[in-house]
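Inside the fold
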Amino acid sequence: MSDAHLSGMDASLRNYSEFVRNLPVAVYRVTVEGKIAFCNDPFARIFGFASVNDAIGFPEIKLYRNKKDRGTLVQAVLQRGLISEMPVPFSRRDNTPIWCSVTTKAIFDDDGEVVFLDGLVRDITGEIEDAGINDAPIDRFDRIEAAVFLFDPQGTIVEINQTAAKMIERDILDLQGCLFADFLADEDRQLFFLFLGDTIRIGRQEIILKLKSSSDKERFIRIQAAVVKSDGRARKISCIVNDVTERVKQIKEKTNRDKFQGVLEMAGGVAHRFNQPLTIVNNIINETLSGIEPDDRLYASILKMQTQIHKLNDITRKVGNIKKYEAVDYVAGVKIVDIDRAS
């Protein structure tokens, strides 16, 4: 490679670096472990770093007001690959609280392992103001029969009525200031934070989530949320919450019935299509056996083949006679139909 060509590549890299540094949006790259690997000048200014070099290598988690938020965001990115416009409470280097909208995606290496999180950050402190949790009368919504929650933009319970407290089986006086995600099943915690972000961004949103339960019975709620604004800022999120456990149960049962009907139809079709070639193979084997002597060296092999064909006939009959769903554990958590018990 010529010196001129190398010089041209260096110039292109410098130009590209200059371009990224001077973008009017804050961009960054962090390792999965949480070290800032790259950022540009707008990112450094938002978080109060003296320079880009001052920010590189800094532990990103120290910028989060709630350290758990980083874990929530990372898990959401790893599950979805991309998170768009998620509001997160941060602190600047001087501990000044700020809110930022975060858009980030996972970057994979050649082996499919996540190595970096690349993203954009937008300061939305002027659009979101933390809601105070001590300035609202608790009984304001008690005249409403439905379960009513008021959250701050981070999902902390600001206000709640008696119906809502009863729904999550807690005393109303103990709930103010609690993080609502703590009452959700572990697998739905990340969904709740994404739901909050969508609600703030769109203004209105709806979701069904599973409540944490100490018993084996699953409980589901539907949250219908709307942003409460003041002076053009999102101050609180108002939610009407309904218990939809029975509805979800009915939907699951119908889905299972529809799936099982599909299994029955497929089983009947497979059994029907298998019968004809198996019948032909059976007839050929019988004809072959009748034409050779038992002491022939092929007789024993053909007899074994006939035994296996009979087993296939038996399996086909059972598949065609499946009347109910019975499953058995296979490998890695996968279940398969137990043909013997299902037929």
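Up top is the structure these notes are about.
Heads up: these notes are all about the structure in this document.

Cut-off values and rules
Residues numbered from 1 in each chain as written. Predicted model: local features only at pLDDT ≥ 70, side-chain atom pairs only at ≥ 80, totals over all residues. Heavy atoms only, no water. Phe/Tyr/Trp six-rings, centres within 6.5 Å; stacked < 30°, edge-to-face > 60°. Buried < 20%, exposed > 50% of the residue type's maximum accessible area, 1.4 Å probe, protein only. Helix = DSSP H or I, 4+ residues; strand = E, 2+ residues; numbered from the N terminus. Expected span 1.5 Å × (residues − 1). Contact = heavy atoms within 4.5 Å. Patch = residues over 30% accessible without salt bridge, like charges linked within 9 Å, V, L, I, M, F, W, Y side chains within 5 Å. Areas by Shrake-Rupley, 256 points an atom, 1.4 Å probe, with all protein chains shown as cover. Salt bridge = Lys/Arg side-chain N within 4 Å of Asp/Glu carboxyl O.

1. Remarks on the packing of aromatic side chains
- Evaluation of the coordinates by the stated rule reveals 13 aromatic pairs.
- Relative to Phe151, the ring of Phe149 has its centre 5.7 Å away and its plane inclined at 35°; by these criteria the two rings are tilted.
- Since its relative accessible area comes to 0%, Phe149 is described here as buried.
- Among the residues examined, Phe151 registers a relative accessible area of 0% and is labelled buried.
- Taking 6.5 Å as the distance between ring centres and 35° as the angle between the ring planes, the aromatic pair formed by Phe192 and Phe195 counts as tilted.

2. Side note on helix H4 (residues 68–80)
- Compared with the 18 Å implied by 1.5 Å per residue over 13 residues, the 18 Å span of H4 between its first and last C-alpha is a close match.
- Every buried residue belonging to H4 is among Asp69, Arg70, Thr72, Leu73, Val74, Ala76 and Val77, and all of these are buried.
- Each element contacted by the buried residues of H4 is listed here: strand S1 (26–31), strand S3 (82–91), strand S4 (97–108), strand S5 (114–123) and helix H7 (189–202).
- In the segment just after H4, Gly81 is the residue with positive phi, at about 90°.

3. Some words on H7
- Between the first and last C-alpha of H7 there are 20 Å, a value that for 14 residues agrees with the 20 Å anticipated at 1.5 Å per step.
- Counted residue by residue, H7 has 10 buried out of 14 residues, so it is predominantly covered.
- Of all the positions in H7, only Arg189, Gln190, Phe192, Phe193, Leu194, Phe195, Leu196, Gly197, Thr199 and Ile200 are classed as buried.
- Among the residues trailing H7, Gly203 stands out with phi positive, at a value near 105°.

4. What about a nonpolar patch on the surface?
- Together, Met266, Val270 and Phe274 make up a nonpolar patch on the protein surface, roughly 290 Å² of accessible area in all.
- When you line up the elements, Val270 lands in helix H8 (residues 245–290).

5. Topic: unusual backbone geometry
- The phi angle at Asn95 is positive, at roughly 70°, despite the residue not being glycine.
- Following the sequence through the fold, Asn95 ends up in the loop between S3 and S4.
- Take Asn95: its relative accessible area is 61%, and that puts it in the exposed class.
- Here the phi dihedral of Glu169 falls at roughly 60°; this positive angle occurs in a residue that is not glycine.
- The residue Glu169 is located in the loop between helix H5 (162–167) and helix H6 (172–175) in this model.

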